[in-house]
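Residues per chain are reported as follows:
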Amino acid sequence: MSRIFSGVQPTNNLHLGNYLGAIKNWVELAAQPKNDCIFCVVDLHALTVYQEPEILRANILAVAKTYLALGIDPAKSTIFAQSQVKEHVQLGWVLNTIAKMGELERMTQFKDKSAQNKNNINLGLFAYPVLMAADILLYDTNLVPVGEDQKQHVELARDLALRFNKLYGETFVVPESVIKKDGARVMGLDDPSKKMSKSAVSANNYISLMDTPAVARKKIMKAVTDSGAEVKGGADKPALNNLLGIYSLLSGASVKDLEKQYAGKGYGDFKTGLADEVEKFLVNFQNKFNAISDKGIEKVLTEGAGKARQLAVAKINLVKNKIGIL
Ligand code: TYM
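Calculation rules
Residues numbered from 1 in each chain as written. Predicted model: local features only at pLDDT ≥ 70, side-chain atom pairs only at ≥ 80, totals over all residues. Heavy atoms only, no water. Salt bridge = Lys/Arg side-chain N within 4 Å of Asp/Glu carboxyl O. Helix = DSSP H or I, 4+ residues; strand = E, 2+ residues; numbered from the N terminus. Buried < 20%, exposed > 50% of the residue type's maximum accessible area, 1.4 Å probe, protein only. UniProt positions renumbered as here; feature names shortened; annotations may be inferred. Contact = heavy atoms within 4.5 Å. Expected span 1.5 Å × (residues − 1). Arc of directions from axis to C-beta. Disulfide = S-S within 2.5 Å.

Observations concerning the pattern of salt bridges
Turning to step 1, where the next piece is worked out: Counted under the stated rule, the structure contains 17 salt bridges.
Turning to step 2, where the next piece is worked out: As a salt-bridge pair, Lys194 and Asp191 come within 3.4 Å of each other at their nearest N and O atoms.
Turning to step 3, where the next piece is worked out: Across the pair Asp276 and Arg217 runs a salt bridge whose closest N-O atoms are separated by 2.8 Å. Of this pair, Asp276 sits in helix H12 (residues 267-290) while Arg217 sits in helix H9 (residues 213-222), placing them 59 residues apart in sequence.
Turning to step 4, where the next piece is worked out: Asp276 gets classed as partly exposed once you look at its relative accessible area, which sits at 39%.

So this is what it looks like as structure tokens:
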């Protein structure tokens, strides 16, 4: 049995990068009977940037609904909200005491986020990767499926597990990240040198899973392309590579097949085909999402928290015992 753990912050609507980089891989891992999966809505992490309380509350439910609508089955996988299992914070504190300032200062996400938001470089933002390590280590996680941008954070979780085990004896499983080559870094439609991001200044950067097909089509038609006219990827075609990658992952066709399909045709035809594929995906997703009630998802989260809590309490008791607190 392999334990799988991952999570998404309930900060905005999720986008295609979150799906293709992370949740699509969760669905594949969850389909294998040898895996025992836990998927968390990491609401405490979201607080490192100010959230309107009512919007945050709604977003927590929306992210959990998104997991289901993208194919995670709550009868097989555990789905819960981080704040409902207080052991995350407890273990987070213990790990804070062995995490080094220097290693946290080196985290690229901390550097990027503090540069973007100089007026709110809070302690929570600095300790974000330590809480993430607690999320992972609390459940004896073997594999953490994430996008490329989270690799460094999973490395930190590994380092903290090893450090704790060395100090106090074998306690934590040392986790590994699972990062698929395809989709690991979906880039912005308006700027293929930057990753697709929920916090991008322009909404043309991303395709939200909640975009109407018409809005998504407009964004695709507007997407930056490279010089040249041929639909053929390559090292000097970052924008086209990105669009080809998205098209390939959504349709299941290989990039080579897509290049063949569009040989002799221009970017216009290619983008229309991609927009059709995105439309199919969005309509199917949104129909499933809209069919889930708030009450229904609250029940899923309550049951999930119950299951997660059992594992978390056992682990925290072991940790307390090892470190000598009551
Ligand atoms: P978040 O919400 O920022 O991102 C959620 C997931 O989406 C992936 N992702 C992308 N993948 C490919 N291309 C992109 N443009 C793109 N943008 C985002 C992220 O890599 C991530 O997998 N810190 C985590 C949340 C977290 C977590 C955890 C994850 C908290 N505790 C424990 C795993 C295990 C995060 O980045 O969330």
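Points about the UniProt feature "binding site: L-tryptophan" (unreviewed entry) in the protein chain
Turning to step 1, where the next piece is worked out: Under the UniProt annotation, "binding site: L-tryptophan" (unreviewed entry) lies at Asp135.
Turning to step 2, where the next piece is worked out: Relative to the helices and strands, Asp135 resides in helix H7 (residues 123-137).
Turning to step 3, where the next piece is worked out: For Asp135, the residues in contact, after removing those within four places along its chain, are Phe5, Val42, His45, Gln82 and His88.

Observations concerning helix H10 (residues 238-251)
Turning to step 1, where the next piece is worked out: Look at H10: 20 Å from first C-alpha to last across 14 residues, which is about the 20 Å you get at 1.5 Å a residue.
Turning to step 2, where the next piece is worked out: Every buried residue of H10 is accounted for by Ala239, Leu240, Asn242, Leu243, Leu244, Ile246, Tyr247, Ser248, Leu249 and Leu250.
Turning to step 3, where the next piece is worked out: Against the buried residues of H10 lie helix H1 (16-30), helix H11 (255-261) and H12.
Turning to step 4, where the next piece is worked out: One or two positions beyond H10, positive phi appears at Gly252, with a value near 85 degrees.

Topic: unusual backbone geometry
Turning to step 1, where the next piece is worked out: For Asp140, which is not glycine, the phi dihedral falls at a positive 50 degrees.
Turning to step 2, where the next piece is worked out: Its place among the elements puts Asp140 in the loop between H7 and strand S4 (143-145).
Turning to step 3, where the next piece is worked out: Taking relative accessible area as the criterion, Asp140 reaches 30% and is therefore assigned partly exposed.

Some thoughts on H9
Turning to step 1, where the next piece is worked out: Every buried residue of H9 is accounted for by Ala216, Lys219 and Ile220. The arc that holds every buried residue of H9, seen down its axis, measures 100 degrees, which confines them to one face. Turned more than 90 degrees away from the buried face of H9 sit Ala214, Lys218 and Lys222, all of them exposed.
Turning to step 2, where the next piece is worked out: Among the structural elements, H12 are those in contact with the buried residues of H9.

Section: the state of the cysteines
Turning to step 1, where the next piece is worked out: Considering all chains together, one arrives at zero disulfides under this definition.
Turning to step 2, where the next piece is worked out: In this model Cys37 remains outside any disulfide bridge; the closest cysteine sulfur is found in Cys40, 14 Å from its own.
Turning to step 3, where the next piece is worked out: Judged by relative accessible area, Cys37 falls into the buried class, the value being 1%.
Turning to step 4, where the next piece is worked out: Overall, Cys40 belongs to the buried group, its relative accessible area being 0%.

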